[in-house]
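# Chains, contacts and geometry: an overview
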Amino acid sequence: MKVDVLLGLQWGDEGKGKVVDVLTPRYDVVARFQGGPNAGHTLEFEGQKYVLRSIPSGIFQGDKVNIIGNGVVLDPALFKAEAEALEASGHPLKERLHISKKAHLILPTHRLLDAAYEAAKGDAKVGTTGKGIGPTYTDKVSRTGLRVGDILHGFDQKYAAAKARHEQILQSLNFGPYDLGEMEKAWFEGIEYLKQFHLVDSEHEVNRLLNEGKSVLCEGAQGTMLDVDFGSYPFVTSSNTICAGACTGLGVAPNKIGDVYGIFKAYCTRVGAGPFPTELFDETGEKICALGHEFGAVTGRKRRCGWIDLVALKYAVMVDGVTKLIMMKSDVLDSFETIKACVAYKVDGEEIDYFPFSINEHVEPVYVELPGWQTDMTKMQSEDEFPEEFNAYLTFLEEQLGVPIQIVSVGPDREQTIERYTEEA
Ligand code: GDP
Ligand code: IMO
Ligand code: MG
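First, a word on what this report is: a plain description of the structure on this page. This one's a predicted model, so the numbers in the text were calculated from it and none came from an experiment.

Around ligand 1 there are 19 residues in total, and G15, K16, T42, D331 and S409 lie nearest to it. Take G40: an N or O atom from its main chain is 2.8 Å from an oxygen atom of ligand 1. For ligand 1, an oxygen atom lies 3.2 Å from a polar atom in the side chain of R303. Taken by itself ligand 1 offers 580 Å² of open surface, and the protein chains cover 93% of this. Secondary structure elements with two or more residues in the shell around ligand 1: α1 (16-23) and β3 (41-45). Classifying every residue of the shell around ligand 1 gives 4 nonpolar, 7 polar and 8 charged.

Rendered as structure tokens:
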């Protein structure tokens, strides 16, 4: 069997959690492969809303195996809080959730370093989620990180050495005062809690399951525009959010990748700092923000809103090898008379249709304007009900992006999901 991968194509928060939950019944295994609790994946069903941060969004559907892969960074304190809340709400997961021993641990001092580095950046802040993501991946790459498997042997010494090193850096940055006591207490409780889970060599597990004919869905976090190599660097996260990240973050070979689902909103949002060519600063932007409830699931920050950017989306489709597109939150545009889509950039007066090295303030979006559908789509059940203008918008996007849009989401609930083509048509 092959591994299918589901990825955000914009700056995150496209609706990955919702769609993974919808697709899970078709798979045996759901796996996260990068990122950490910087993610906030929202699911809604049966009148309940859940926000997942480190736990895969396949956890609500029956007895599927859910895996936290080696490419993920895990904060034991946040993980414990998330897992206990799920268990308390009637979703036991200890038997179904497997955690890679090679996943790296976010230490309390990583969170302090995240804050210290941001403070030191002055006006050039990335606007991170403050969860210690960057410093943890930095330690991984500089070969000084601690891994989940380390908690099983001689951990105290390794922890003390890492903490001392981090505190030295904090001191050199004049960061403080801080009180590590409470943070460490919750963190070590999290470490003990982690020991109750299946701590596995997930690369062996995933490949064994594939060889046994089991199907695997990989759940991306963040989005392609936040990828550390291809995103809007340096305003990115610290992992590879693109499709290739599923190979390194789970130990599956590139020739095992099957379908690549690319998710995008019918418009575009971004949280945190960094360039965003189609950002709207007017009442249209405010309207999208209000109708789309565009506030961060992790930090509560207001998301910046703008029109869909097809230059960036085409680039994401290319680097991810997207085979099926999923359009989210089209209902947010239900009341718009017209809709704009950015089809090219003007850079210093010259029009380009490819994603350039940098999308700084010199980049100006070139728009086409399309008629809105001005129809409430939130209760629609099938594509037969789609208004003509909406179909025209879909066709336009498919022509621009060169990939079929297979699923359209018309509301946050699991049920508000419309599949367009028959399975494997
Ligand atoms: P993720 O990080 O990609 O999983 O996305 P988030 O959960 O951070 O943000 C997506 C938000 O949009 C959540 O509040 C979802 O409940 C909501 N949502 C998802 N799909 C739709 C949709 O089709 N329409 C509307 N109105 N909301 C949606
Ligand atoms: P999901 O999975 C949106 C953004 C932060 C910041 C930058 C770096 O829910 O789509 P980090 O804490 O990762 O070092 O922050 O990346 N960011 C996200 N934005 N959705 C996310 O995750 C994000 N995870 C990180 O706002 O700009
Ligand atoms: Mg999110």
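There is more to say after this.
Let us look at the coordination of the magnesium ion (ligand 3). Taken together, the protein donors to the magnesium ion (ligand 3) comprise D13 (OD) and G40 (O), at separations of 2.1 to 2.2 Å. Taken together, the residues span a long stretch of sequence, with D13 in the loop between β1 (3-8) and α1 and G40 in the loop between β2 (29-32) and β3 at a distance of 27 residues. Since its relative accessible area comes to 23%, D13 is described here as partly exposed. Overall, the relative accessible area of 9% leaves G40 in the buried class.

Our focus in this paragraph is the sheet that holds strand β11 (residues 257-265). Here 10 strands make up an open sheet; going across it, the order is β9-β7-β5-β2-β10-β1-β11-β15-β19-β20 and the pairing mixed. The open sheet is flanked by β9 (198-200) and β20 (417-419), the only strands paired with a single partner. Within the sheet, the average angular offset between the axes of one strand and its neighbour, ignoring direction, is 20°. Of the pairings in the sheet, the one linking β2 to strand β5 (residues 65-68) comprises 4 bridges and is parallel in character. Bridging from a neighbouring strand, A31 pairs with I67 of β5.

Looking now at the pairing of strand β15 (residues 324-328). Along a regular strand, successive side chains alternate from one face of the sheet to the other. Here β15 lies mainly inside the structure; 5 of its 5 residues are buried. Bridge analysis of β11 against β15 gives 5 bridges, and the strand direction is parallel. Paired with Y261 across the strands is K324, a residue of β15. One ladder, built from 3 bridges, connects β15 with strand β19 (residues 405-409); its direction is parallel. By the bridge assignment, I326 is partnered in β19 with I407.

What follows deals with the pattern of salt bridges. Under the defined criterion, the tally for this structure stands at 23 salt bridges. D13 serves as the salt-bridge partner of R303, at 3.0 Å between the closest nitrogen and oxygen. You can see R303 sitting in the loop between α9 (283-291) and β13 (304-306) and its partner D13 sitting in the loop between β1 and α1, a full 290 residues away along the chain. Among the salt bridges present, the one from K94 reaches E87, with a minimum N-O distance of 3.4 Å.

Attention now moves to the packing of aromatic side chains. Summed over all chains, the structure comprises 19 aromatic pairs. Considering the side-chain rings of W187 and F188, the 5.1 Å spacing of their centres and the 85° angle between planes classify their relative orientation as edge-to-face. Given the relative accessible area of 29%, F188 is considered partly exposed. Both rings, one in W307 and one in F336, keep their centres 6.1 Å apart while their planes meet at 80°; by these two values the pair is edge-to-face. Of this pair, W307 sits in the loop between β13 and β14 (308-309) while F336 sits in the loop between β15 and β16 (338-347); the two residues are 29 residues apart in sequence, bridging distant segments of the chain. Comparing W307 with F336, the two get one shared label, buried. Taken together, F155, Y159, W187 and F188 form an aromatic cluster joined through their ring pairs.

Tracing the backbone through its elements, the reader meets K18 in helix α1. The side chain of K18 is buried and forms no salt bridge, while D413, the nearest opposite charge, is found at 6.8 Å. Polar contacts involving the side chain of K18 include one to the side chain of T417, which spans 3.0 Å. Once residues within four sequence positions are removed from consideration, K18 is found in contact with T42, M328, S409, G411, P412, D413, Q416 and T417.

In the vicinity of ligand 2 there are 21 residues, among which D13, K16, H41, T129 and T237 approach most closely. Between ligand 2 and D13 there is a distance of 2.7 Å, counted from an oxygen atom to a backbone nitrogen or oxygen. In the model, an oxygen atom of ligand 2 is placed 2.7 Å from a nitrogen or oxygen of the H41 side chain. Summarising the interface, the protein chains cover 98% of the accessible area of ligand 2, which totals 550 Å² for the free molecule. Each residue belonging to the shell around ligand 2 can be placed in one class, and the counts come to 8 nonpolar, 10 polar and 3 charged.

On β2, burial covers both faces: V29 and A31 on one face and V30 and R32 on the other are all buried. Judged from the 4 bridges that link them, β2 and strand β10 (residues 216-219) form a sheet pairing that is parallel. Directly across from V29, in β10, lies its bridge partner V216.

Reading the values: rules and limits
Residues numbered from 1 in each chain as written. Chains lettered and ligands numbered in written order. Predicted model: local features only at pLDDT ≥ 70, side-chain atom pairs only at ≥ 80, totals over all residues. Heavy atoms only, no water. Near = heavy atom within 4 Å. Polar contact = N/O pair within 3.5 Å; in protein donor to acceptor, adjacent residues only side chain to side chain. Areas by Shrake-Rupley, 256 points an atom, 1.4 Å probe, with all protein chains shown as cover. Helix = DSSP H or I, 4+ residues; strand = E, 2+ residues; numbered from the N terminus. Nonpolar A, V, L, I, M, F, W, Y, C, P; charged D, E, K, R; others polar. Donors = N, O, S within 2.8 Å, 3.2 Å for Na, K, Ca; no water. Buried < 20%, exposed > 50% of the residue type's maximum accessible area, 1.4 Å probe, protein only. Pairing = 2+ DSSP bridges. Axes fitted to C-alpha atoms, helices over the stretch in contact; angles between N-to-C directions. Salt bridge = Lys/Arg side-chain N within 4 Å of Asp/Glu carboxyl O. Phe/Tyr/Trp six-rings, centres within 6.5 Å; stacked < 30°, edge-to-face > 60°. Lys, Arg positive; Asp, Glu negative; His and termini not counted. Contact = heavy atoms within 4.5 Å.

Nothing here speaks to function; it is all geometry.
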